[in-house]
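Each chain is listed here by its residues.
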Amino acid sequence: MTRNRWSLLALQLLVAVVLIGLWHVGATVKWNLPSLSAKPFYVLDPFFFSTPGAVFARTWADFYSGAIWYHLGITLLETLLAFFIGAAGGVLIGFWFARKAVLAAVFDPYVKMANALPRVVLAPIFALWLGLGIWSKVALGVTLVFFIVFFNVYQGVKEVSPTLLANARMLGMSERQLMRHVFWPSALTWMFSSLHTAVGFALVGAVVGEYLGSAAGLGYRIHQAEGVFDVTGVFSGMLVLSIFVILIDTLVSAIEKRLLVWRPAPATAQ
Amino acid sequence: MSPVVNAIRTQADAAPCAVSLEGVRIAFPNAKPGGAPFIAVDQASLDIADGEFVAIVGPTGCGKSTLLNATAGLLTPAFGRVSIFGEPLSGLNRKAGYLFQAEALFPWKTAVENVAIGLDIVGTPKDEARAEARKWLARVGLSAFADRYPHMLSGGQRKRVGLAQVLIRHPKILLMDEPFGPLDAQTRQIMGNLLLDLWSADRKAVLFVTHDLEEAIALADRVVIMGAGPAARIIGEWRVPIPRPRDIDVRLDPVFHQLHREIWAALKEEVVKGYKQSESAEQGA
Ligand SMILES: Nc1ncnc2c1ncn2[C@@H]1O[C@H](COP(=O)(O)OP(=O)(O)O)[C@@H](O)[C@H]1O
Ligand SMILES: [Mg+2]
């Protein structure tokens, strides 16, 4: 098991090393092939592709000087707010709709319409309504997170096994106790199965919002760098964003594992 | 009327039956709008005395679960009457514990939490409920598995947790729907003995549905046979005059064999009929 994990990690690192190696070679080695081009050329022109060395150096400098922390903090705050507000709304409304069939039927077309709308078009409106601070980004993230959680919770409550429900009733549960011991855990299960997606979308909302107009955050940094054709800055921003995503995802996995201990382990291919 | 039946009647007059079904008909609405409702069970009449163990046997799909659901108050008869200890049943049957045919444990609760839930919801202090639940788990031989979740238990172990979950509430009536159905033959026998042990300690009225005639005779005071559906009826009943306590060896008893032959002769016809009906229904579909 442990050996497997180490060899897996080694393979994963190998992929990174090979890709970065290719990038490095492409962006630093000049080729002289008269048959293709009169002048010597790079496969990956460093003006458009930067170099791995430059990107890492920039990223290191940003962390070292502390310039990046503020922006990371802003993006993290927006992501967390978007996630918790969106998830709370999704859980409440999802629960309510699942228990009130009429309500669900009346709102069904509107829910579908709202969900089909590409959320990016809302970003300028939120900026107009809520200003360029964090709340317009939070709002964008909420519109993304809400629907994921809403649909999952709705499904979770609807798909409670009829036998389990009958058993709970025969054991003497009141409506309130059914909520607490049957519907709620079932809805939570479904919610947690969408946790990764929901957190991911909260982050997407924050970063896209920042990118489209703001004065702080990782999206803002990337946008700034793009504005002055600073490709190193763009890639460095993407690198920080990726590390951030991996850290958050690991945290979510740990929480999920803790909360869903009762679930059978998913069958693995090995 | 035979003396045995007379004896039951006099007993029934003295104390109300635990369960009394009178001319019960259960209909399901047709899936096609405007179609005639599907009558699953018709004219079912059955009395179960307090402390009596009755087994219902019948071909698959004849309406055994349906009849049990009506006794539990989960289904309302279209016609006829269900009385529990002399009172007409309306809503859920609060005196009954029901061990379902399908999986019905709470997957997000451990074995001990599953068993304790019946006490938790009536406000028993948590520690007390847990302690009592552990006692019941010990009785069904699962002390070592108290902290496992249902998916970490075998099918037979899950059924035992289900049994403890129902029995901890001390229901006056125990409804069991093919509780040992999916288990292997050895486990079934062990579970049967376990059930008899628990039952003889504190005799409840039991309505036990099974498709296994041998199991029915080995366990029950009385075996009731249902005919093939639709509109299935109760077509016969036999007392089992084998003394208690019984155990596995009851199947070697000559009385057992005689009774088995007799009941099987009546049941066989219905099983064939039921099989043909489901076959033609499939071809029609
Ligand atoms: N909810 C339902 N709607 C319509 N028909 C049903 C429903 N439940 C059961 N039936 C029908 O009633 C009959 C009896 O079912 P059931 O009681 O489950 O049989 P058994 O338990 O004896 O195998 C079957 O023909 C089945 O198709
Ligand atoms: Mg059945």
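What counts and what doesn't
- Residues numbered from 1 in each chain as written.
- Chains lettered and ligands numbered in written order.
- Predicted model: local features only at pLDDT ≥ 70, side-chain atom pairs only at ≥ 80, totals over all residues.
- Heavy atoms only, no water.
- Near = heavy atom within 4 Å.
- Polar contact = N/O pair within 3.5 Å; in protein donor to acceptor, adjacent residues only side chain to side chain.
- Helix = DSSP H or I, 4+ residues; strand = E, 2+ residues; numbered from the N terminus.
- Nonpolar A, V, L, I, M, F, W, Y, C, P; charged D, E, K, R; others polar.
- Pairing = 2+ DSSP bridges.
- Axes fitted to C-alpha atoms, helices over the stretch in contact; angles between N-to-C directions.
- Contact = heavy atoms within 4.5 Å.
- Buried area = accessible area lost by both parts, 1.4 Å probe.
- Salt bridge = Lys/Arg side-chain N within 4 Å of Asp/Glu carboxyl O.
- Domains from an automatic or database assignment.

1. Notes on the site of ligand 1
Residues and elements named next belong to chain B.
Here is step 1 of the chain: Residues in contact with ligand 1, as listed here, are Phe-28, Phe-38, Ala-40, Thr-60, Gly-61, Cys-62, Gly-63, Lys-64, Ser-65 and Thr-66.
Here is step 2 of the chain: In the environment of ligand 1, an oxygen atom lies 3.3 Å from a nitrogen or oxygen atom belonging to the backbone of Cys-62.
Here is step 3 of the chain: One of the side-chain N or O atoms of Thr-66 is found 2.5 Å from an oxygen atom in ligand 1.
Here is step 4 of the chain: Contributing elements (two or more residues each) for the shell around ligand 1: β2 (38-48) and α2 (64-72).
Here is step 5 of the chain: For the shell around ligand 1, the element with the most residues is α2, which contributes three residues.
Here is step 6 of the chain: Within the shell around ligand 1, the residues separate by chemical class into four nonpolar, five polar and one charged.

2. Structural notes on the sheet that holds strand β10 (residues 234-239) of chain B
Residues and elements named next belong to chain B.
Here is step 1 of the chain: Pairing within the open sheet is mixed, and its six strands lie in the order β6-β7-β8-β3-β9-β10. Each of the sheet's edge strands pairs with one partner strand only, and the pair in question is β6 (96-99) and β10. On average, each strand axis in the sheet is tilted by 15° relative to the strand beside it, whichever way the strands run.
Here is step 2 of the chain: Across four bridges, β6 lies against strand β7 (residues 173-177) in parallel orientation. The partner of Tyr-98 across the bridge, within β7, is Leu-175.

3. Quick notes on the interface of chain B and chain A
Quoted interface sizes are often the accessible area lost when the parts come together.
Here is step 1 of the chain: Contact with chain B, which involves 22 residues of that partner, is made by 20 residues of chain A.
Here is step 2 of the chain: For the pair chain B and chain A, the two sides together bury roughly 2,000 Å², of which 71% comes from carbon and sulfur.
Here is step 3 of the chain: Taken together, the connections running from chain B to chain A amount to zero salt bridges.
Here is step 4 of the chain: Applying the counting rule to chain B against chain A returns eight residue pairs in polar contact (both at pLDDT 80 or more).
Here is step 5 of the chain: When grouped by side-chain class, the residues that make up the side of chain B that touches chain A number 15 nonpolar, three polar and four charged.

4. Observations concerning the domain arrangement of chain B
All names here are of chain B.
Here is step 1 of the chain: Each assigned domain of chain B is listed with its residue range as follows: domain 1 (3-93 + 173-284) and domain 2 (96-170).
Here is step 2 of the chain: On the domain 2 side, the residues contacting the 20 residues of domain 1 number 17 residues.
Here is step 3 of the chain: Together, Asp-177, Met-191 and Leu-198 form the three largest contributors to the area buried by domain 1 at its contact with domain 2, with a combined 26%.
Here is step 4 of the chain: If you look at where domain 1 meets domain 2, you find zero salt bridges.
Here is step 5 of the chain: Linking domain 1 to domain 2 there are seven residue pairs in polar contact (both at pLDDT 80 or more).
Here is step 6 of the chain: Elements supplying a minimum of two residues to the side of domain 1 that touches domain 2: α2, β7 and α6 (185-201).

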